[in-house]
Amino acid sequence: ALYHRGQGVEQDLGKAFELYLKSAKQGFPYADFEVAKMYRDGIGTDKDESKSVQHFKKAFQGFELLEKSSHDDKIQYRLGWMLQNGIGTDQDIPRAKEYYAKSEKLGNIFSGFALAKLILKEENPKPEELQKAIEFLRSVADSDDASEFKSIKSSATYLLGKLFLDGKVVLKDISQAIRYLTMSAEENNEWASYQLGKLFLLEKEITKDTDQAVQYLTASSEQGNQFAQYLLGKTYLLGKDVSRDR
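Residues numbered from 1 in each chain as written. Predicted model: local features only at pLDDT ≥ 70, side-chain atom pairs only at ≥ 80, totals over all residues. Heavy atoms only, no water.

## Brief notes about the overall build of the protein chain
Which entries qualify depends on this criterion: Runs of E in the DSSP output that reach at least two residues are strands. Runs of H or I that reach at least four are helices, and both are numbered from the N terminus. Remark: exposure states derive from per-residue accessible area (1.4 Å probe, protein chains only) relative to the maximum for the residue type, with buried under 20%, exposed over 50%, and partly exposed in between. Whether two residues touch is decided by their heavy atoms; if any such pair falls within 4.5 Å, the residues are in contact. Each accessible area is a Shrake-Rupley estimate made with a 1.4 Å probe; only the visible protein chains count as cover when residues are assessed. Charge assignment in this entry is limited to Lys and Arg as positive and Asp and Glu as negative, and neither His nor the chain termini are counted. Where a charge lies is defined by one atom per residue type, namely NZ (Lys), CZ (Arg), CG (Asp) and CD (Glu).
In terms of regular secondary structure, the protein chain is built from 13 helices and zero strands. Counting helices and strands in the order they occur from the N terminus, the protein chain gives α-α-α-α-α-α-α-α-α-α-α-α-α. With the C-alpha coordinates aligned to their principal axes, the bounding extent of the protein chain is approximately 65 × 45 × 30 Å. Here the protein chain holds 246 residues, and 41% of them are scored as buried. When contacts within the protein chain are restricted to residue pairs at least 6 apart in sequence, long-range pairs at least 24 apart make up 41% of them. When the accessible surface of the protein chain is split by element, carbon and sulfur atoms take 48% of a total near 14200 Å². Here the protein chain contributes 35 positively and 38 negatively charged side chains, and the mean placements of these two sets differ by 3 Å.

Right, here's the structure in full:
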């Protein structure tokens, strides 16, 4: 892992792969997982899809055995992720949710967020699960001590903002939508900035504010968001809300 990251030594992906492979042959599932990724991506070795699949399967089986004895939240999260995405095993969303739920109970915020997203994607989520998912997102969004989980906090606030904006899962609430989207935009979430830019520009549900709209759309555009780039370009081309600037 040190050779892989170049931490404490000069980075050497070939050496990293060689050491991971030795460890994998001794039955260490974390090593199998890394070997699988390197075969998949052609990092430190040639790409080999069949070997990648083989090592992902070994990793999954090894993680299951480890989890039974250790009940480790990081292993549970990884098992949930593999089951959710069908990596190393068949896709199984109900089992993925079970592992995420176990991991979340042990305080794993990544599992809690993954579980919340899965529940919100369902066509007819159970009311109690839906309530728990939204409560979790609120707890992350409104927490002051999530500095080490900035990306999760930014995503949680964006997701809440979109939920209140769309009004499909929860009652529509524009003020709450703006509150959470603004929090997310302040954490440099390009999609939150795009949604705010649209809101302030289109004057459908709030008072139009062209300066705010351009500010948010520019911020999103500079982060590479193609939808913000298109809307901002169109705004300058038409010249209705800003001075025309071809």
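## Focus on the nonpolar core
Convention followed: What makes a nonpolar core is a set of buried Ala, Val, Leu, Ile, Met, Phe, Trp, Tyr and Cys residues whose side-chain atoms join them at distances within 4.5 Å.
Judged by nonpolar contacts, the single largest core of 57 residues is most densely connected at F63, M82, F136, L137, L160, L181 and L217. Of all the elements, helix α7 (residues 109-121) adds the most residues to this core, at eight residues. For F136, the residues in contact, after removing those within four places along its chain, are E104, I109, G112, F113 and A116. Counting residues in each nonpolar core, the second largest holds nine residues, with A16, Y20, L21 and V35 among its members.

## A few points about helix α4 (residues 49-70)
An α-helical segment advances 3.6 residues per turn. Residues three or four places apart therefore align on the same side. Threshold: Here the expected length of a helix is defined as 1.5 Å per residue gap, with one fewer gap than residues.
With 22 residues, α4 should cover 32 Å at 1.5 Å per step; its first-to-last C-alpha distance of 31 Å lies within 8% of that length. Among the residues making up α4, those that are buried are S52, H55, F56, A59, F60, G62, F63 and E67. Of the surrounding secondary structure, the elements contacted by the buried residues of α4 are α2 (13-25), α3 (29-41), α5 (73-85) and α6 (93-105). Just downstream of α4, H71 is the residue with a positive phi angle, here 50°.

## Some details on helix α12 (residues 210-222)
For α12, spanning 13 residues, the distance from its first C-alpha to its last is 18 Å, which sits close to the expected 18 Å at 1.5 Å a residue. Regarding α12, the residues found buried are T210, A213, V214, Y216, L217, S220 and S221. Taken together, the buried residues of α12 touch α10 (174-186), α11 (190-202) and α13 (226-238). One or two positions beyond α12, positive phi appears at G224, with a value near 95°.

## Re the packing of α4 against α5
As a reminder, the rule being used: Axis definition: a line fitted to C-alpha atoms, limited for helices to the stretch in contact. Angles are taken between N-to-C directions and run from 0 to 180 degrees. Each angle receives one of four descriptions, namely roughly parallel if under 35 degrees, roughly antiparallel if over 145, roughly perpendicular if within 65 to 115, and oblique otherwise. Left-handed describes a crossing whose near helix is turned anticlockwise from the far helix by less than a right angle; the clockwise case is right-handed. Residues are sorted three ways: Asp, Glu, Lys and Arg are charged, Ala, Val, Leu, Ile, Met, Phe, Trp, Tyr, Cys and Pro are nonpolar, and all the rest, Gly among them, are polar.
Packing of α4 against α5 brings their axes to within 9 Å, and their N-to-C directions diverge by 140°. Compared by their axis directions, α4 and α5 come out oblique. For the pair α4 and α5, the sense of crossing is left-handed. Facing α4, whose interface residues are F56, A59, F60, F63, E64, L66, E67 and S70, α5 presents I75, Q76, R78, L79, M82 and L83. Here the contact of α4 with α5 is composed, by residue class, of nine nonpolar, two polar and three charged.

## Observations regarding a nonpolar patch on the surface
Rule in force here: Within the patch definition used here, like charges are joined within 9 Å and nonpolar side chains (Val, Leu, Ile, Met, Phe, Trp, Tyr) within 5 Å, considering only residues with over 30% relative accessible area and no salt bridge. Salt bridges are defined by distance alone: a side-chain nitrogen of Lys or Arg within 4 Å of a carboxyl oxygen of Asp or Glu.
Taken together, L2, Y3, V9 and L19 make up a surface patch of nonpolar side chains, about 300 Å² in accessible area. Looking at the secondary structure, you find L19 in helix α2.

## Considering the packing of aromatic side chains
Inclusion rule: Here is the rule: rings of Phe, Tyr and Trp (six-membered ring for Trp) pair when centre to centre is within 6.5 Å. Planes less than 30 degrees apart are stacked, more than 60 are edge-to-face, and the remainder are tilted. A ring has a charge above it when a Lys NZ or an Arg CZ is no more than 6 Å from the ring centre and no more than 35 degrees off the ring normal.
On inspection of all chains with the given rule, the structure shows 13 aromatic pairs. A centroid spacing of 6.1 Å and a plane angle of 55° characterise the contact between F33 and F63, whose relative ring orientation is tilted. Of this pair, F33 sits in helix α3 while F63 sits in helix α4, and the two are 30 residues apart along the sequence. F63 shares its class with F33; the two are buried. Ring geometry for Y77 against Y100: centres 5.9 Å apart, planes inclined by 40°, an arrangement best described as tilted. Of the two residues, Y77 is situated in helix α5 and Y100 in helix α6; the sequence distance between them amounts to 23 residues. For Y100, a relative accessible area of 0% gives the class buried. Sitting over the ring of F33, R78 keeps its end group 4.6 Å from the ring centre.

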